[in-house]
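# Reading the structure
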Amino acid sequence: MKPDFSNGSVPKLILKLAIPIIIAQVVNTLYSIVDRIYIGHMPGVGQLALTGIGLCLPIVSAVAAFSALIGYGGAPLSSILCGHRDIDGAERVLGNCFTALVVLGILVPAICYGFRRPVLYLFGASDATYAYAEQYIRIYLLGSLPVMLTLGLNPFINAQGFTNIGMVTVAVGAVCNLVLDPVFIFGLDMGITGAAVATVLSQSVSCLWVLWFVFGSKKNQIRVRRAYLKPHWPTMGRICSLGVSNFIMQITESALTAVFSANLAKFGGDLYVTTMTVGASIGQVVTMVVGGLGQGAQPVTGYNYGAGNYARVRECYRTLTKFCLIYGVLIWLVLQIAMPQFIAIFNDDPELMETAVPMLRIYFLLQFAFTLQNASQNTFVALGEAKKATFFALFRKVFLLIPLIFLLPRLGFGVTGIFAAEPIADTISAVTCFTVFLRTTYRELNQKELAQSQQKN
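What this report covers is the structure whose coordinates are included nearby. Bear in mind that the values here come from a model prediction, so they are computed numbers and not experimental data.

### As for the overall build of the protein
Looking only at helices and strands, the protein features 16 helices and 0 strands. Here the C-alpha radius of gyration of the protein, 22 Å, is about what a compact globule of 457 residues would show, namely 23 Å. Taken over the C-alpha atoms alone, the protein extends approximately 75 × 45 × 35 Å along its principal axes. In the protein, buried positions account for 59% of the 457 residues. For the protein, contacts bridging at least 24 residues in sequence account for 83% of all contacts bridging at least 6. Summing over all exposed atoms, the protein offers an accessible surface of approximately 17,800 Å²; the carbon and sulfur share of this is 67%. Considering the protein, the positive charge centre built from 31 side chains and the negative charge centre built from 21 side chains are found 14 Å apart.

Following this line, the structure appears as C-alpha cells:
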C-alpha cells in the first residue's frame, strides 16, 4: 500500500494520522507515569520514592533523546523520499536507522550506567532519595536496548500512514506495564525495583511487535533489508541533520529537568523536587497531544512538499496551528481549575498539596503559548529545514529557560522564580518562532506557489 497525501481534506488527513499517534504517545507515557502513581502510593515511603524516581527522569530523557535523533530524523526523510517515489532511498534510511539504534542502544545505557551515582547526586539527590533513584535507574538502563528500538522505529510506521499499528506498538506494552506494575511492586514486594523490571519487560513486548512489522509485514511499503544495514554516511548525515532538533529538544529536556531538580533541592528541598516530579508527569501528557498533532501533520506536509504541492503545504501549517491553539487553550483552563485533582493522582499528602498547587499553577500559567512553537517547529522538520528547527529547540530551553532557572531565585524570587521561569520562556520563544516562520518559510512557500501558477499559465 502506497500512501498518497496529495488528495483529500487536509484537516481530516492530519487528524486521521494524529489521533492514533496521540493515543500511542499518551499511552507510552503511562510506562513512567503509572510507575510514579504506584510508587507515590507506597505505604510510608511514597513521597521519598516518588522524589527518587523523579531524579531518574533526566537519564531516561537522555536515552529517549538518542532514539529521537534517529527515529524522528529518519521518518520525515523517508516521507520526503516516498513523495519523490524513491522507495530504495527510503529503505536505505530505515536500514541505517536500525543499525544506528542498535549501536546507540548498547553504548548510551552503558555510559549512563557507569556514571549513575555522581550524576544522580548532581541532579539533586539526597542521602534519603538516592537509594530509591539508584534502584530504579540500574534496572532501567540494563534493559534500554528494546526501549530505544521501539521509540526509534515506531515513527517509520507512522510515517507510512499506519498510525493505528503504531498505536498498537505502545499500547501492548503499556497494558503489560499496567498489569505487571502492581504485581512486581506490591505482590512480589519488590518496591521501586519492581517498577523498573515491569517497565523493561513491557517495553520488550512492544519491541518485538515493532520489529515484526518493519522486518516482515507485507502491509508496509518500506522494510528493513540486509543490503541497507551497512552505514551509508551521507544518508546518516541527512538523518542526523533532521533528527537533531528533536534530539536537542529531548536532551535539553534532560538537562532542564536536572537543572530544575538541582536548584529546587538547593532553594527548597525534597518537597519541591517531588512537586516538579508531579508537574513533569502532568506536562508529559499535556505536551504529548501537541506533539502528536505535529507528528501527524509531518507525513502530509513532507509528502506534499516533496511532490511540489506548496499550496497544500501551507494549508497543512494553518490547520496544524489552529488545532494546536484550540487544544492549548482548553488544556490550560482544565489545568488551572483542576490542579489539586491532578496532583492527588500521584500523592495526596496535605503538605505536598499545599506546596504543589500554587507552584504548578504558575508553572503551567502560559502553557498554551508553546503550541505556536510546536506547530512551527514540526513544520520546519517536515520541510527539511533542520537549522531553523534546531535553533528554536535550543532557543527556548538553553538560551531562555535554563538561564532563568538559575537567575530568578538568585534575584530574590526563590522557588517561585524557578517555577515562573517556564511561562516566561514559553511566551518569548513561541512568539519569536511563530514570527520567524511566517516571515521566512511561509512566505517562501507562497512565492513557490505563485511561480508554479505562472509557469502553468
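### Some thoughts on helix α4 (residues 87–114)
For α4, which comprises 28 residues, the first-to-last C-alpha distance of 41 Å matches the rise-based estimate of 40 Å (1.5 Å per residue) to within 8%. The largest bend in α4 amounts to roughly 25 degrees and is located at L104.

### Things to note about helix α11 (residues 270–306)
The terminal C-alpha atoms of α11 lie 51 Å apart, and with 37 residues this matches the ideal 54 Å at 1.5 Å per residue to within 8%. Of all the bends in α11, the greatest reaches close to 30 degrees and is centred on Q298; the proline P299 follows between one and four positions later. Among the 37 residues of α11, 30 are classified as buried, and the element is accordingly described as predominantly covered. At the C-terminal side of α11, G308 shows a positive phi close to 80 degrees.

### Describing the packing of aromatic side chains
Summed over all chains, the structure comprises 19 aromatic pairs. Between the aromatic rings of F380 and F392, the centroid separation amounts to 6.3 Å while the plane-to-plane angle is 5 degrees, which identifies the pairing as stacked. Taken as a pair, F380 in helix α14 (residues 370–382) and F392 in helix α15 (residues 386–439) lie far apart in primary sequence, 12 residues in all. By relative accessible area, F380 is classed as buried at 0%. F392 sits in the buried class, given a relative accessible area of 3%. One aromatic cluster in this structure is built from Y317, F380, F391, F392, F395, F399, F437 and Y442. Residue placement shows R116 over the ring face of Y113; its charged tip is 4.1 Å from the ring centre. The ring of Y130 has R117 sitting right over it, with the charged end atom 5.0 Å from the ring centre.

### Regarding the environment of V415
Within the fold, V415 resides in helix α15. In this structure V415 comes out as buried when scored by relative accessible area, which is 12%. In the structure, V415 is positioned 56 residues away from M359 in sequence and 8.5 Å away in space, judged by C-alpha atoms. Excluding its chain neighbours within four sequence positions, the residues that come into contact with V415 are L264, F267, G268, Y272 and M359.

### Re the packing of helix α6 (residues 127–142) against helix α9 (residues 191–216)
It is the contact of α6 with α9, at a shortest axis distance of 8 Å, that shows an interaxial angle of 20 degrees. Classified by the angle their axes make, α6 and α9 are roughly parallel. Pair α6 / α9 crosses with right-handed handedness. In contact with Y132, Q135, Y136, I139 and Y140 of α6, α9 contributes I192, T193, A195, A196, V197, T199 and V200. In terms of residue class, the contact of α6 with α9 is made up of 9 nonpolar, 3 polar and no charged.

### Observations concerning the side chain of R116
Among the structural elements, R116 can be located in helix α5 (residues 116–122). At a separation of 2.9 Å, a polar atom in the side chain of R116 contacts the side chain of E134. Apart from residues no more than four positions distant in its own chain, R116 is found in contact with E134, I137 and R138.

### Observations concerning a nonpolar patch on the surface
On the surface, V103, L107, I111 and F115 cluster together to form a nonpolar patch covering roughly 400 Å² of accessible area. By the secondary structure assignment, L107 is in helix α4.

### Observations regarding the packing of α11 against helix α12 (residues 310–344)
Contact geometry for α11 and α12: axes closest at 10 Å, N-to-C directions at 170 degrees. With respect to α12, the element α11 is oriented roughly antiparallel. Looking at the contact of α11 with α12 residue by residue, the classes come out as 22 nonpolar, 3 polar and 1 charged.

### Concerning the pattern of salt bridges
Going through the model one piece at a time under the given rule, you end up with 5 salt bridges. Linking R116 and E134 is a salt bridge whose minimum nitrogen-to-oxygen distance equals 2.9 Å. Pair noted here: R116 is in helix α5 and E134 is in helix α6, with a separation of 18 residues, a long-range link. Each member of the pair, R116 together with E134, is buried. The partner of E385 in a salt bridge is K388, with the nearest N and O atoms 3.5 Å apart.

### Description of the environment of I424
Mapping I424 onto the fold places it in helix α15. Judged by its relative accessible area of 37%, I424 is partly exposed. When the C-alpha positions of I424 and R396 are compared, they lie 9.8 Å apart, and in sequence the two are 28 residues distant. Among all residues touching I424, those that are not within four sequence positions of it are L404 and L408.

Criteria and cut-off values
- Residues numbered from 1 in each chain as written.
- Predicted model: local features only at pLDDT ≥ 70, side-chain atom pairs only at ≥ 80, totals over all residues.
- Heavy atoms only, no water.
- Helix = DSSP H or I, 4+ residues; strand = E, 2+ residues; numbered from the N terminus.
- Rg over C-alpha atoms; globule rule 2.2 N^0.38 Å.
- Buried < 20%, exposed > 50% of the residue type's maximum accessible area, 1.4 Å probe, protein only.
- Contact = heavy atoms within 4.5 Å.
- Areas by Shrake-Rupley, 256 points an atom, 1.4 Å probe, with all protein chains shown as cover.
- Lys, Arg positive; Asp, Glu negative; His and termini not counted.
- Charge placed at Lys NZ, Arg CZ, Asp CG, Glu CD.
- Expected span 1.5 Å × (residues − 1).
- Bend = angle between axes of the 7 residues up to and from the residue.
- Phe/Tyr/Trp six-rings, centres within 6.5 Å; stacked < 30°, edge-to-face > 60°.
- Lys NZ or Arg CZ within 6 Å of the ring centre and 35° of its normal.
- Axes fitted to C-alpha atoms, helices over the stretch in contact; angles between N-to-C directions.
- Parallel < 35°, antiparallel > 145°, perpendicular 65-115°, else oblique.
- Left-handed = near helix turned anticlockwise from the far one by under 90°.
- Nonpolar A, V, L, I, M, F, W, Y, C, P; charged D, E, K, R; others polar.
- Polar contact = N/O pair within 3.5 Å; in protein donor to acceptor, adjacent residues only side chain to side chain.
- Patch = residues over 30% accessible without salt bridge, like charges linked within 9 Å, V, L, I, M, F, W, Y side chains within 5 Å.
- Salt bridge = Lys/Arg side-chain N within 4 Å of Asp/Glu carboxyl O.

Treat this as a map of the structure, not an account of what it does.
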